[in-house]
Amino acid sequence: MAGKMAPVCVAGRLLLTMWFVFLLLLSVGFSQSNSLLVYDRKSLLDIKNVVTNLGACDCNGQKTRSTLLSGIPSHLCRALAQASCRKRRRRGTRSGRLVKLKLCLSGSSSSRRMNRGLCIPPAVIGRFGEPIGTFLVPVAGFDRDSLPHRTCSPRLRQRGVNHKNLKTLLRAPKLSQPQTQTPTRIALVNARSMVNKTFILRDFFSAQSLDFLCVTETWIGVGEHSALAELLPTGCNYFNSPRTSGRGGGTATVYKKDFKCRQCAVPSSFSSFEATIFEVGRTDPVLCAVIYRPPKYNKDFLNDFSEFLAGYVPSYDRVLIVGDFNIHVCCSDKPLVADFLNIIDSFNLTQWVSGPTHEHGHTLDLVLSCGLSVLNLEVCNSGFSDHMSVLFDVVLSGAKSVQSCAPARLCRSFNPFTAAQFSTAFNLLRDNPDSIPVDTEELSSRFHSSCQTILDSVAPLKSRQLRVKPEPWFRVDRALAAKRECRRAERKWKKDKLQIRLSLPEQLLPLTHLILPQAWLFLKSLSR
């Protein structure tokens, strides 16, 4: 029994010896280590105030530690930063699969750590590849430059609209009032022989600032153009309808070239009156007519005039008819006047002249309109005829042609003598110098100014307005249609080689005769 207890006693003595050695080593280790820092409540409040006022601990531009923190080791002055809870999104199919795989791995690893009693936030897992220094934030008395900086991602961290980057666009100024169209000034004159009154009518056109001058009783025969050439002001054109047989009569219209006008043919069946008919404007034209009725009674006048109105007025929305009708409209009790007024009323025409237009006190010169308002009508004594002049304003929208003006440019005109003149003037300036400057800059500036002065005197700058080339004749609709038909006939002939296809271009000859005058006008405009 004693032999069996001996090994147990020896093991107990060895265990006691091991415990003694362990306690001895533990006491030696505690004696060599630093003691734990212990602060009371007042010291902790002082540390809080020092940490909040770290900006005041600067000395000559360098940050120094406070006396309370001087004993803390430098590696304890940094702590882990709070991990960001925001996850970076990645785009694309592969990135989506990687994110799902990463979440699965983080979930499985976190579950294993939870079973072992460890828990690591997912945000820390998402930033496992970043350097350690990015997790550290300063606690007290640190140097910001010593921390490693994290490179910013080229992609923006925050999504959305930054309104500071938007620039407010200035709105176009609103017009206070709509732009009103300038009325057209028109005058009706009975000239009674325009041959010896050309200069008087020209001055009358310019003095009254007229756009249209309608003249009756021109007394100009067929083929006579000298009187109209003398009458024509600058920038104007005219329409003339002379009397074909006998003397006297005739109508004419002088207008400015700014208006797009086209003369219409007058049917020869109207033998009781003379007329000049023309259109003003292209898109929505205004029908204008200047009529002269001889004073001699003609039983066919009412029928001719009603047929004239029935043939023209329904085709236009706006109609203006002026002229010397030699009908006493002021005497409404006469049968001719009553029938004439009934015809005017049936075609919805308005007669605007109310006062006498003849020296004997009768109203003979009339202004009729449909769809137009006559403004500022006045009857004045002309002094060169027994009829008075009728002046009025009418708004003709879209009648003026808007010409595209090319920009003017300044240019110099050089001729074969320009170089010799420049050399002579430069030699005279060189032979008579006022004073020679010493400075290089001043000498260069003087040379430049001298050359500029001589050049301005020899070849001065002149403003030149570029001419707008007219539309080529082969771009006209008729020419384009003819070219399309020819190409179509050629394609058909190449396809079936039939002899009948060769006769198709012959059918286009009438269309070619219509195109040739347009080509001639185009070439004539280029030669001007």
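Just so we're clear, the structure is a prediction, and the values are computed from it rather than from any experiment.

About the criteria used
Each chain has its residues counted from 1, running along the sequence as written. Local features in a predicted model are, by the rule used here, given only for residues with pLDDT of at least 70; side-chain atom pairs are given and counted only at 80 or more, and totals for whole chains, interfaces and linings are based on all residues. To get the side-chain values, take all heavy atoms of the structure and skip hydrogens and water. A run of H or I in DSSP becomes a helix once it reaches four residues, and a run of E becomes a strand once it reaches two; helices and strands are each numbered from the N terminus. Three labels apply to residues, based on accessible area from a 1.4 Å probe with only protein chains included: buried if under 20% of the type maximum, exposed if over 50%, partly exposed otherwise in between. Note on contacts: a residue pair qualifies if any of its non-hydrogen atoms lie within 4.5 Å across the two residues. Values of accessible area rely on a 1.4 Å probe in the Shrake-Rupley scheme; residue burial ignores everything except the protein chains shown. Whether two strands pair depends on DSSP finding at least two bridges between them. You can read pLDDT as the predictor saying how much it trusts each residue, on a scale of 0 to 100. Pairing of aromatic side chains here covers Phe, Tyr and the six-membered ring of Trp, requires ring centres within 6.5 Å, and sorts the geometry by plane angle: under 30 degrees stacked, over 60 edge-to-face, intermediate tilted. Every axis corresponds to a line fitted to the C-alpha atoms, with the helix fit spanning only the stretch in contact, and the corresponding angles, defined between N-to-C directions, vary from 0 to 180 degrees. Here, a salt bridge means any side-chain nitrogen of Lys or Arg that lies within 4 Å of a carboxyl oxygen of Asp or Glu. Among buried residues, those of type Ala, Val, Leu, Ile, Met, Phe, Trp, Tyr and Cys that are joined through side-chain atoms within 4.5 Å constitute a nonpolar core. Positive: Lys, Arg. Negative: Asp, Glu. His and the chain ends are not part of the count. Polar contact is defined as a pair of N or O atoms within 3.5 Å, subject to the rule that within protein one atom must be able to donate a hydrogen and the other to accept it, and that residues adjacent in sequence are counted only when both atoms are side-chain atoms. Patch definition: residues above 30% relative accessible area lacking any salt bridge, with like charges linked at up to 9 Å and the nonpolar side chains Val, Leu, Ile, Met, Phe, Trp and Tyr linked at up to 5 Å.

**Observations concerning the overall build of the protein chain**
Part 1: Along the backbone of the protein chain there are 13 helices and 18 strands.
Part 2: The burial tally for the protein chain puts 29% of its 528 residues in the buried class.
Part 3: Of all intrachain contacts in the protein chain linking residues separated by at least 6 positions in sequence, the fraction that spans at least 24 positions is 63%.
Part 4: When the accessible surface of the protein chain is split by element, carbon and sulfur atoms take 57% of a total near 37500 Å².

**Some points on the pairing of strand β16 (residues 389-394)**
Part 1: Along β16, six of the six residues are buried, which leaves the element largely enclosed by surrounding structure.
Part 2: Where burial is concerned, the two faces of β16 agree: the one with Ser-389, Leu-391 and Asp-393 and the one with Val-390, Phe-392 and Val-394 are both buried.
Part 3: For strand β5 (residues 184-190) and β16, the ladder comprises five bridges, and the chain directions are antiparallel. Bridging across to β16, Arg-185 finds its partner in Asp-393.
Part 4: Pairing of strand β15 (residues 374-380) with β16 involves five bridges; the strand directions are antiparallel.

**Some thoughts on the confidence of the model for the protein chain**
Part 1: Confidence in the prediction for the protein chain averages 75 pLDDT; 62% of positions are at 70 or higher.
Part 2: Note on residues 55-59: pLDDT under 50 across the span, and five contacts to partners over four residues away in sequence or across chains.
Part 3: Below pLDDT 50 for its whole length, residues 79-85 participates in 18 contacts with residues either more than four positions away or in separate chains.

**Comments concerning the packing of aromatic side chains**
The relative placement of two aromatic rings is captured by the distance of their centres and the angle of their planes.
Part 1: Inspection of the entire model under this criterion finds 21 aromatic pairs.
Part 2: Ring centres 6.1 Å apart and planes at 20° place the aromatic pair Phe-212 and Tyr-255 in the stacked group. Here Phe-212, found in strand β6 (residues 212-216), pairs with Tyr-255, found in strand β8 (residues 251-256); they are 43 residues apart in sequence, far enough to count as distant. The same class applies to Phe-212 as to Tyr-255, namely buried.
Part 3: An angle of 80° between the planes, with centres 6.4 Å apart, marks the rings of Phe-273 and Phe-305 as edge-to-face. Here Phe-305 lies in helix α7 (residues 301-312) and Phe-273 lies in the loop between β9 (261-264) and β10 (274-280), a separation of 32 residues in the sequence.

**Details of the sheet that holds β15**
Part 1: Strands sit in the order β7-β8-β6-β5-β16-β15 across an open sheet of six strands; the sheet is mixed. A strand with exactly one partner marks an edge of an open sheet, and here the two such strands are β7 (236-241) and β15. On average, adjacent strands in this sheet sit at an angle of 15° to one another, irrespective of strand direction.
Part 2: Relative to β8, β7 runs antiparallel, the two being bridged by six bridges. Residue pairing in the sheet places Ser-241 in a bridge with Thr-251 of β8.
Part 3: Against the sheet, helix α5 (residues 198-207) contacts β5, β6, β7, β8 and β16, and its axis sits at roughly 145° relative to β6.

**Thoughts on unusual backbone geometry**
Part 1: A positive phi angle, close to 80°, is found at Ser-193, a residue other than glycine.
Part 2: Here Ser-193 lies in the loop between β5 and α5.
Part 3: The backbone phi angle of Ser-209 is positive, close to 50°, even though this residue is not glycine.
Part 4: Considering the arrangement of structural elements, one finds Ser-209 in the loop between α5 and β6.
Part 5: The class for Ser-209 is exposed, based on a relative accessible area of 52%.

**Here we look at the sheet that holds strand β13 (residues 350-351)**
Part 1: Strand order in the open sheet formed by six strands is β9-β10-β11-β12-β14-β13, and the pairing between neighbours is mixed. Of all the strands in the sheet, the pair left with one neighbour each is β9 and β13.
Part 2: Packing against the sheet, α7 makes contact with β10, β11 (286-292), β12 (319-324) and β14 (365-370), and its axis sits at approximately 165° to β11.

**Examining the pattern of salt bridges**
Part 1: Inspection of every chain in the model, using the stated rule, returns ten salt bridges.
Part 2: Arg-243 is paired through a salt bridge with Glu-274; the nearest N and O atoms lie 2.6 Å apart. Taken together, the residues Arg-243 in the loop between β7 and β8 and Glu-274 in strand β10 connect sequence positions 31 residues apart.
Part 3: Residue classification places Arg-243 among the partly exposed residues on the basis of a relative accessible area of 21%.
Part 4: Within this structure, Arg-185, Glu-378 and Asp-393 form a network of salt bridges that share partners.

**Structural notes on the nonpolar core**
Part 1: Ranked by internal contacts, the top residues of the largest apolar core, which has 29 residues, are Phe-305, Phe-308, Ile-321, Phe-325 and Phe-340.
Part 2: For this core, the secondary structure elements donating two or more residues are β10, β11, α7, β12, α8 (335-346) and β14.
Part 3: The greatest single-element share of this core, amounting to six residues, is contributed by α7.
Part 4: Apart from the residues lying within four places of it in its own chain, the contact partners of Ile-321 are Ala-289, Ile-291, Phe-308, Leu-309, Leu-349, Leu-366, Val-367 and Leu-368.
Part 5: If you look at the next biggest cluster of nonpolar residues, it comprises 23 residues, including Phe-239, Val-290, Val-390 and Phe-392.

**Describing the side chain of Asp-324**
Part 1: Within the secondary structure, Asp-324 is located in strand β12.
Part 2: One buried charged residue, Asp-324, forms no salt bridge at all, with the nearest opposite charge on Arg-192 at 7.3 Å.
Part 3: A distance of 3.2 Å separates the side chain of Asp-324 from the backbone nitrogen of Asn-326, its partner in a polar contact.
Part 4: Beyond its immediate sequence surroundings of up to four residues, Asp-324 is in contact with Asn-190, Thr-216, Glu-217, Ile-291, Tyr-292, Arg-293, Leu-364, Asp-365 and His-387.

**Some points on the side chain of Thr-216**
Part 1: Here Thr-216 shows up in strand β6.
Part 2: If we skip the residues at most four places from it in the chain, Thr-216 touches Leu-188, Val-189, Asn-190, Ala-191, Arg-192, Gly-250, Thr-251, Val-290, Ile-291, Tyr-292, Gly-323 and Asp-324.

**Thoughts on a nonpolar patch on the surface**
Part 1: Where nonpolar side chains cluster on the molecular surface, the patch consists of Leu-15, Trp-19, Phe-22, Leu-23 and Leu-26 and spans about 530 Å² of accessible area.
Part 2: As for its placement among the helices and strands, Leu-23 is situated in helix α1 (residues 2-32).

**Some details on the environment of Asn-240**
Part 1: When you line up the elements, Asn-240 lands in strand β7.
Part 2: For Asn-240, a relative accessible area of 18% corresponds to the buried category.
Part 3: Asn-240 has contacts with Ile-220, Glu-224, Leu-228, Thr-251, Ala-252 and Gln-263, leaving out every residue within four places of it along the chain.

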